[in-house]
Amino acid sequence: MMKSPQDNTTTKFWQSSLAIIWKDWKIELRKKSLLSSMLIFSLMIVLIFTFALDLDKSARENVAIGILWVTFVFAATLGLNQTIALENENSTLDGILLSPIDQTSILVGKFISTFIFVTIIEAFVMPIYYILFEIPLFSPKLIVVILLGTFGYTLVGTLLATIAMRTQYREIILPILLFPVATPIIISAVQCSNKILSGASWNQMSGPFNLLIVYDIIFVGIAIMTFDHLIKE
Amino acid sequence: MTNYLKQNNKLAYMTICSFLLILISVYMILIYAPQEIIMGDVQRIFYYHVASGWIGALAFFITLIASVLFLITKHEKYDLVAMSSAEIGVVFISMNIISGSIWARPVWNTWWTWDPRLTTATIMWLLYIAYLFLHTGLENHHRRAHITSVYGIVAFVSVPLTFAAIRIWRTIHPVVIGSSDPNAEGQFDMTPEMTTTLLFTVATFTVLYCTLIWHRIRIQQMQISLSKIYSHEIGN
């Protein structure tokens, strides 16, 4: 059976995205610097919060989800800076740009590899968090919310990290650009997670949950529409 | 050259016009509009507060439109508009936040509270400061225009949220136009004089915005032509 040209471009698109993900993974498997630094960094944040807020049992329940999200956000920012800075080191981004592939597939590839890195860190941090704070984190609802939040955050983060790398400030400017843009996602994710922990019903948490999904969708749209313009310059 | 002068003339008229309008609006706010029964004179801040908030939102919307137009057409003038509008927007949102804070002191008994509306307005303010910061971090003209345009689009995502914040979350910020949460503190109903004053102030600020953005674009154009002259002389 003949493949239509439409099919062919779609396959090509995913092949080139996969190639970028595979390349990032290969580098990480050899260097092992990113995942380990993200993990140590996340543990440090948890420790600092424990000391700084003097968390006893009652205080813990109120702020635990907030600290969890702050940990994820900071660790993800570290990861975002690294995966994009990787391409800056030897101007390898130019090499990727020269290859005859759809430029949006670079964004998709970079985004998916960052998303995987961050999710791995989250998978490590959550059990530790559970042991330290005794908070029931392992409900399917909460995991869905965490994945959705991470999705939106790393997606818009990948876009903005590409912007940051093209300025003279480099890594310094990423948090300044990213935190205010990502706040709607963080706010709705934290509200959702808090409601899940307090055992709210689906109806009660539908407000922030819908907001989370809406922002995920908006960011997907914006990222796909603007990335071409960003990378060509 | 004559064209330039003519443009200058129009701009001068407009500047005078907005100055006079502001004088009239001050008269209307302080004398024409009646005193609010419960809050007293402090309620009069409301007119400039709403008007500057409106200009902030309008300015950021213009930045969005200009950014999109730039990415489509690649005309440098749209980049100038986007940048100038964001600058003015930041100034007006600052005024909006400060005037709100002054009003909140007697009415809410605090300068600041982490209410959804206040929080989202602050986020919006930070976003556009980041936008201006990004502008300074890029030296290449062409690249700067592209990158800031993308950020101008991403940043606008927060503006509708700020507008909707008082309508979707429980908040103490009053919604004077449209229905409000019963928890809101400092709620009041407007008399016809108040409505007239508010509309007039909003119109005045819109004229002021147009004047300011015209000035700002003109200055940027002069900067560009000046730098062209310089580079030409160095080239020779």
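Our subject is the structure that appears above.
What comes next concerns the included structure. (Residues numbered from 1 in each chain as written. Chains lettered and ligands numbered in written order. Predicted model: local features only at pLDDT ≥ 70, side-chain atom pairs only at ≥ 80, totals over all residues. Heavy atoms only, no water.)

It is worth spelling out helix 5 (residues 141-156) of chain B at this point. The end-to-end C-alpha separation of helix 5 of chain B is 22 Å, in line with the 22 Å expected for 16 residues at 1.5 Å each. Sitting at the head of helix 5 of chain B, Asn140(B) places a side-chain oxygen 3.0 Å from the backbone nitrogen of His142(B). (Helix = DSSP H or I, 4+ residues; strand = E, 2+ residues; numbered from the N terminus. Expected span 1.5 Å × (residues − 1). Polar contact = N/O pair within 3.5 Å; in protein donor to acceptor, adjacent residues only side chain to side chain.)

On to unusual backbone geometry. All names here are of chain B. Positive phi is not limited to glycine here, since Lys 74 has a value of about 65°. Here Lys 74 lies in the loop between helix 2 (45-73) and helix 3 (76-107). With a phi angle near 65°, Asn 109 is a residue other than glycine that sits in the positive phi range. Take Asn 109: its relative accessible area is 58%, and that puts it in the exposed class. (Buried < 20%, exposed > 50% of the residue type's maximum accessible area, 1.4 Å probe, protein only.)

Attention now moves to the interface of chain A and chain B. Taken together, the contact pairs 26 residues of chain A with 23 residues of chain B. When chain A packs against chain B, close to 2,400 Å² is buried across both sides, 77% of that on carbon and sulfur atoms. Across the contact surface, chain A and chain B share zero salt bridges. In terms of residue count, helix 7 (residues 173-197) of chain A provides more of the side of chain A that touches chain B than any other element does, nine residues in total. Classifying every residue of the side of chain A that touches chain B gives 18 nonpolar, six polar and two charged. (Contact = heavy atoms within 4.5 Å. Buried area = accessible area lost by both parts, 1.4 Å probe. Salt bridge = Lys/Arg side-chain N within 4 Å of Asp/Glu carboxyl O. Nonpolar A, V, L, I, M, F, W, Y, C, P; charged D, E, K, R; others polar.)

Right, let's talk about the side chain of Asp24(A) for a bit. Residues and elements named next belong to chain A. Relative to the helices and strands, Asp 24 resides in helix 1 (residues 5-31). Within the structure, the side chain of Asp 24 is placed 2.8 Å from the side chain of Lys 23, a separation counted as a polar contact. Asp 24 has contacts with Leu 86, Glu 87, Lys 110, Ser 113 and Phe 117, leaving out every residue within four places of it along the chain.

Let us look at the pattern of salt bridges. All names here are of chain A. Scanning the entire structure with this criterion turns up six salt bridges over all chains. Close ionic contact of Lys 110 with Glu 87 constitutes a salt bridge, the shortest N to O distance being 2.8 Å. On the criterion of sequence distance, the pair formed by Lys 110 in helix 5 (residues 104-133) and Glu 87 in helix 3 (residues 57-89) is long-range, its members being 23 residues apart. Under the relative-accessibility criterion, Lys 110 is labelled buried at 5%. Judged by its relative accessible area of 4%, Glu 87 is buried. Members of the salt-bridge network, linked through shared partners, are Lys 23, Asp 24, Glu 87 and Lys 110.

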